Amino acid sequence: MKAVGVFPAERRYEVIDHPEPGIADAHQVKLRMLEVGICGTDKEIVSFQYGNPPEGSHYLILGHEALAQVLEVGSQVTGIQPGDLAVPTVRRPCSVATCAACRGGRQDFCFTGGFTERGINARHGFMAEYVVDDGANINLVPAALRDVAVLVEPLTIAEKGMTQLWQIQQRLPWTQNAPDQPRGTGLRAVVLGGGPVGLLGAMKLVLEGFDTYIYSLSPPGSDLARMSAAFGATFVPAETTSIAALAETVGNIDVVYEATGSSSLSFEVMKYLGTNGAFLLTGVPALKGPKPVDADLIMRNLVLKNQVVIGTVNASKQSFADAIADLAQFHQRWPNAVGSLITSRFPIDNVKEPLSGHAGGIKSILTIA
Ligand code: BGC
Ligand code: ZN
């Protein structure tokens, strides 16, 4: 079958022929891959800065943001039928007996670093015609979401972040007080970055009732500005608005949702986080050496304003379920906005086009079947 193989030692990647996998135990499911999203992580992997092939393989099959159709199920699999739409999770647990996170099914919090990730770290990914996985790693998607469900995995990042945010903000008991209103009603959120993770996070924040601002480098008249307005967020162009002016416009910043991977921007914005605010970091910067940070002001604010900083990576099975439910909500409320995040689709043979970074737009997708 066709697959996209990355050969780090040879510094090349291309469409390869890889043996088609088959169901090898009764708990497995065989999937026909339909679409795979392309993100910054994939671009780092094809520039050989990140990722590892499985043990004993010269190459890694790329791809972790998948949408598939179930082709075959093992005899012990329940609740999954051939024909169902499915999104697999990405991370698999480490094997260390004392890793409480992995042993508890929460490898997204793995302590040891011995986890693997499909299409990223020591496990083949989803840019292939067929994939086999354990039924326990499969999330079913309603057929009505066929056109947008490839966005589930990037949305899980926001879902895990928001779940933690609400757990932490339970320390502010009054924020839970109005059961008839979304939890974020009356609160203000700033999203840093207008890529897919930023925009999906912004949609989630709007859905939760936050007054939501997207601070991005895109110019004022861009598609991103129009798109933000379409789902009720306020676009603030970084090109013409300083961070101080952004803070002035927003008022008390209750939440910052960072999706840029820029440490300079993040620590600059941290100076303006509001009283009792939470700062969620999802971007992964490359290590480029130390940078100046206004540490006294930031530490002073963290203490005197009861602030919290949360880093979040990967997502649990529950976050996939949350993402599927919320994607359905987005689709219902803003049918055109969600679809418009997907700005280009490429056949698998043209995989180099979107990965070379010149495709532009917001989200590029590889179509496999
Ligand atoms: C993926 C996560 C993964 C992370 C780090 C992200 O692009 O969405 O599932 O944990 O990269 O490898
Ligand atoms: Zn990704």
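Quick summary incoming for the structure in this document. (Residues numbered from 1 in each chain as written. Chains lettered and ligands numbered in written order. Predicted model: local features only at pLDDT ≥ 70, side-chain atom pairs only at ≥ 80, totals over all residues. Heavy atoms only, no water.)

### Section: the side chain of E208
Within the secondary structure, E208 is located in the loop between α4 (196-207) and β13 (211-216). Taking the relative accessible area as the measure of exposure, E208 reaches 7% and is therefore buried. In this structure, E208 is in contact with M162, W166, P182, R183, G184 and T185, ignoring residues within four places of it in sequence. (Helix = DSSP H or I, 4+ residues; strand = E, 2+ residues; numbered from the N terminus. Buried < 20%, exposed > 50% of the residue type's maximum accessible area, 1.4 Å probe, protein only. Contact = heavy atoms within 4.5 Å.)

### Considering the pairing of strand β17 (residues 308-311)
Burial along β17 is one-sided: the face carrying V308 and I310 is buried and the face carrying V309 and G311 is not. This β-α-β element, strand β16 (residues 278-281) to helix α8 (residues 295-304) to β17, shows right-handed connectivity. (Right-handed = clockwise from strand over helix to strand, strands pointing away.)

### Comments concerning the sheet that holds strand β8 (residues 116-118)
Strand order in this open sheet of 3 strands is β7-β8-β9, and the pairing throughout is mixed. In the strand order of this sheet, the two ends are held by β7 (91-92) and β9 (122-123), each with one partner. As paired strands, β8 and β9 are joined by 2 bridges and run parallel to one another. Residue E117 lies in a different strand from β9, and its bridge partner there is A122. (Pairing = 2+ DSSP bridges.)

### Observations regarding the packing of aromatic side chains
Following the criterion strictly, the structure yields 4 aromatic pairs and no others. Centre to centre, the rings of F7 and Y59 are 5.1 Å apart; their planes meet at 45°, and the pair counts as tilted. Taken together, the positions of F7 in strand β1 (residues 2-7) and Y59 in the loop between α1 (40-46) and β4 (60-61) put the pair 52 residues apart, joining distant regions of the chain. Take Y59: its relative accessible area is 16%, and that puts it in the buried class. Relative to W334, the ring of F330 lies with its centre 5.6 Å away and its plane at 35°, an arrangement referred to as tilted. With respect to burial, F330 and W334 carry one shared label: buried. Through a chain of ring-to-ring contacts, three or more aromatic side chains come together here, namely F231, F330 and W334. The residue whose ring lies beneath K30 is Y130, and the NZ or CZ to ring-centre distance is 5.0 Å. When the ring centre of F115 is taken as origin, the NZ or CZ atom of R91, which lies over that ring, is 3.5 Å away. (Phe/Tyr/Trp six-rings, centres within 6.5 Å; stacked < 30°, edge-to-face > 60°. Lys NZ or Arg CZ within 6 Å of the ring centre and 35° of its normal.)

### Focus on the layout of surface pockets
By volume, the largest pocket amounts to about 1300 Å³. At the level of elements, α1, α3 (152-168), α4 and β19 (363-367) are the ones that each hand at least two residues to the lining of the largest pocket. Counting residues per element, the lining of the largest pocket draws most heavily on α1, which supplies 4 residues. Residues of the lining of the largest pocket, tallied by class, amount to 19 nonpolar, 21 polar and 7 charged. When residues are assigned to domains, the lining of the largest pocket turns out to be shared by domain 1 (2-148 + 341-367) and domain 2 (154-311), each giving three or more. Volume-wise, the second largest pocket comes out at about 230 Å³. When residues of the lining of the second largest pocket are assigned to their parent elements, the largest contribution, 4 residues, is made by strand β10 (residues 130-134). (1 Å grid on protein atoms, 1.4 Å probe; cavity = no way out; pocket = protein on both sides within 12 Å on 5 of 7 lines; lining within 4 Å. Points joined across faces, edges and corners; volume = space filled by probe spheres on them. Nonpolar A, V, L, I, M, F, W, Y, C, P; charged D, E, K, R; others polar. Domains from an automatic or database assignment.)

These values are about where atoms sit, not about what they do.
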